Amino acid sequence: MSKKLKYIYPTLVLLALALAAFTLLKPQGQNIVYIDLPKVFENFQMKKDLESQLQSELKRKTQVLDSLKLVIGSMPLETEYDKKQVAYTRNDLMNTASSFDMEHQDHIKDYDNQVFNRLNQYLKDFAKEKGYDFILGAEGSGVIMAADDGMDVTEDVITYINLKYSGE
Amino acid sequence: MRILLYMSGLVFLGSLYACSNSAGIHQGNIPATAADSIPLDAIHETAEDIQEASRNLYENEEFVYSCSYVPSFRFIREQDAEGTNLEDIRSEYASRSSFLLELKVKKYHDEMLKYGIQSVNDYYSRIEYYSFHAAPDIRLITDSDTVSASQCHFERTYGLAPTIRLSVQFPVPEEQLNGNSAVRIQFFDRIYHQGIVNFKLLPELIHNYKVFKPKSHETN
């Protein structure tokens, strides 16, 4: 009996050491998921809201330009002075149109940046909350050639970012 | 003798219970006249409690934006409280709903209007925007409607505070905010380019304006 005990203790110690070594040295499984980036972008409510904001801005600008065109159309063209006045107003219209266009392009860029910044912020929060190490963005450009559907968290992300955006 | 002792004990316990119930916001109507002598401080204190409880935050690495509901009785002033009908004054303000919007930059202790400006003109155009043009960029969203702010008061701080404070009013009576699943304030940040920020405020808190009784009223 005592001879058996003599072997049991070292065996237990060895087993404990092996278990500890296994726990410490085993490769850590990394939690990787992916999202369909264009789909997330398209379904982000902030993007839709900014788009409608942009549309209403464009509508207001078009109204200004239309009024200017109307003014030009109703101007008399009898004397040289009248013709000069029409030319000035037409010039004014061209300048206004071009500045509106530049402003519009700037706003498109600015709003896109705002959407991407917010999206990045929410995605960081999402990864932190769900414990993901990596969220890859599949965008059809060949960065991710194939992936298991189980790793696709696009729908979860869309729900999450829209909830966050609405102030929840 | 023993019965008397028991009875006095019960009375003592009853009074203790009544005192404990008088603390905090609870059911009861705002007294109709100043003769009820609610201390104005207590009214404001309760209003501030409700305002603080309703506060909703949006923050990122750079900015902190917050929005809170301001109950109508927060606007009752000292001169109003003397010999006038408080409920009349409150109902005058209750025909609109009021909110406070605060913007702040993290780790920046100077005047927020100066944050990221390129020239003095930028500074003054920001003042002009917040003073005169910000109202259409702030909206109140309820279950049935979206309304732009009718008034937006920008509190000038002249470099003394690192925040931007906007007192916003909407042409929607406070009472109409009840019964909504949520009340949302939407702010479109044109100056600091943070896009659209939504704040969700709980209608239960907004409902409290009708049923408050200042905590110090019963104890005084």
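Provided above is the structure to which this section pertains.
Position numbers for residues count from 1 along each chain, tracking the sequence in the order it is written. For this description, chains carry letters from A and ligands carry numbers from 1, given in the order in which they are written. In keeping with the predicted nature of the model, local features appear solely for residues at pLDDT of at least 70, side-chain atom pairs appear and are counted solely at 80 or more, and the whole-chain, interface and lining totals rest on all residues.

(A) How the structure looks around the overall build of chain B. The secondary structure listing takes helices from DSSP runs of H or I that are at least 4 residues long and strands from runs of E that are at least 2 residues long, numbered from the N terminus. Of the regular secondary structure elements, chain B holds 7 helices and 9 strands. Counting other C-beta atoms within 10 Å of a residue's own tells you its class, since 20 or more makes it buried, 12 or fewer makes it exposed, and anything in between is partly exposed; those C-beta atoms are placed from the backbone. Within chain B, buried positions represent 26% of all 220 residues.

(B) Representation of the overall build of chain A in the model. What chain A contains, in helices and strands, is 5 helices and 2 strands. Order of helices (α) and strands (β) in chain A, N terminus to C terminus: α-β-α-α-α-β-α. Per-residue burial over chain A gives 10% buried out of 168 residues. A residue pair is marked as a contact if its C-beta atoms, positioned from the backbone, fall within 7 Å. A fraction of 81% describes how many contacts in chain A between residues 6 or more apart in sequence connect residues 24 or more apart.

(C) Layout of the sheet that holds strand β8 (residues 183–189) of chain B. All names here are of chain B. Read from one edge of the open sheet, 4 strands run β5-β4-β8-β9, paired in antiparallel fashion. Strands with a single pairing partner mark the edges of an open sheet, and in this sheet they are β5 (146–148) and β9 (195–201). Ignoring which end each strand starts from, the neighbouring axes of this sheet average 25° apart. For two strands to pair, DSSP has to find at least two bridges joining them. In this sheet, β9 lies alongside β8 in antiparallel orientation, the contact comprising 7 bridges. Structural elements are reduced to axes, namely lines fitted to C-alpha atoms, with helices fitted over the stretch in contact, and the angle between N-to-C directions of any two is expressed from 0 to 180 degrees.

(D) Representation of the pairing of strand β4 (residues 138–141) of chain B in the model. Residues and elements named next belong to chain B. As defined by bridge partners, β4 adjoins β8 across 4 bridges and the pair is classed as antiparallel. Its bridge partner being in β8, Ile138 is matched across the sheet by Phe187. As paired elements, β4 and β5 share 3 bridges and run antiparallel to each other. Within the sheet, the bridge partner assigned to Arg139 lies in β5 and is Ser148. Linking two consecutive strands that pair antiparallel, namely β4 and β5, is a turn of 4 residues.

(E) A look at the nonpolar core. All names here are of chain B. The term nonpolar core means buried Ala, Val, Leu, Ile, Met, Phe, Trp, Tyr and Cys residues held together as one set by C-beta atoms within 7 Å. In terms of nonpolar packing, the biggest core is built from 40 residues, with Phe99, Leu101, Ile138, Cys152, Leu166, Val168 and Ile185 touching the most fellow members. The residues touching Ile138, leaving out its near neighbours within four places in the chain, are Leu101, Ala149, Cys152, Val168, Ile185 and Phe187. Ile43, Ala47, Ile50 and Phe73 belong to the second largest nonpolar core, which has 5 residues in total.

(F) Seen up close, the interface of chain B and chain A. At the interface, 11 residues of chain B touch 13 residues of chain A. Sort the elements by how many residues they give to the side of chain B that touches chain A and β9(B) lands first, with 5 residues. Per-class residue counts for the side of chain B that touches chain A are 3 nonpolar, 6 polar and 2 charged. Amino acids are sorted into nonpolar (Ala, Val, Leu, Ile, Met, Phe, Trp, Tyr, Cys and Pro), charged (Asp, Glu, Lys and Arg) and polar (every other residue, Gly among them).

(G) Broad picture of the sheet that holds strand β1 (residues 56–59) of chain B. Residue and element names in this part refer to chain B. The strand order across the open sheet built from 5 strands is β1-β2-β3-β7-β6, with neighbouring strands paired in antiparallel fashion. In the strand order of this sheet, the two ends are held by β1 and β6 (151–154), each with one partner. Strand-to-strand twist across the sheet, computed as the mean angle between neighbouring axes with direction ignored, equals 20°. By the bridge criterion, 4 bridges tie β1 to strand β2 (residues 63–70) in an arrangement that is antiparallel. Bridging from a neighbouring strand, Leu57 pairs with Ser66 of β2.

(H) Up close: the pairing of strand β7 (residues 163–170) of chain B. In the sheet, strand β3 (residues 97–105) of chain B pairs with β7(B) via 8 bridges, with the strands oriented antiparallel. Considered in β7(B), the bridge of Phe99(B) is made with Val168(B).

(I) Expanded view of the packing of helix α3 (residues 45–73) of chain A against helix α4 (residues 80–130) of chain A. Residues and elements named next belong to chain A. Following both chains from N to C, one finds α3 and α4 inclined at 180°, their axes separated by 10 Å at the closest point. With respect to each other, α3 and α4 are oriented roughly antiparallel. For the contact of α3 with α4, the per-class residue count stands at 16 nonpolar, 5 polar and 6 charged. What sets the label is the angle itself: under 35 degrees gives roughly parallel, over 145 gives roughly antiparallel, 65 to 115 gives roughly perpendicular, and the rest give oblique.

(J) Molecular detail of the packing of α4(A) against helix α5 (residues 154–165) of chain A. Residues and elements named next belong to chain A. In contact at an axis separation of 10 Å, α4 and α5 are set at 115° when each is read in the N-to-C sense. Taken together, α4 and α5 sit at an angle that is classed as roughly perpendicular. In this structure, α4 meets α5 at a crossing whose hand is right-handed. Here α4 contributes Leu119, Tyr122, Leu123, Asp125 and Phe126 to the contact with α5, which in turn contributes Val157, Tyr160, Ile161 and Lys164. When grouped by side-chain class, the residues that make up the contact of α4 with α5 number 7 nonpolar, no polar and 2 charged. Definitions for this section: a left-handed crossing has its near helix turned counterclockwise from the far helix by less than a right angle. A right-handed crossing has that turn clockwise.

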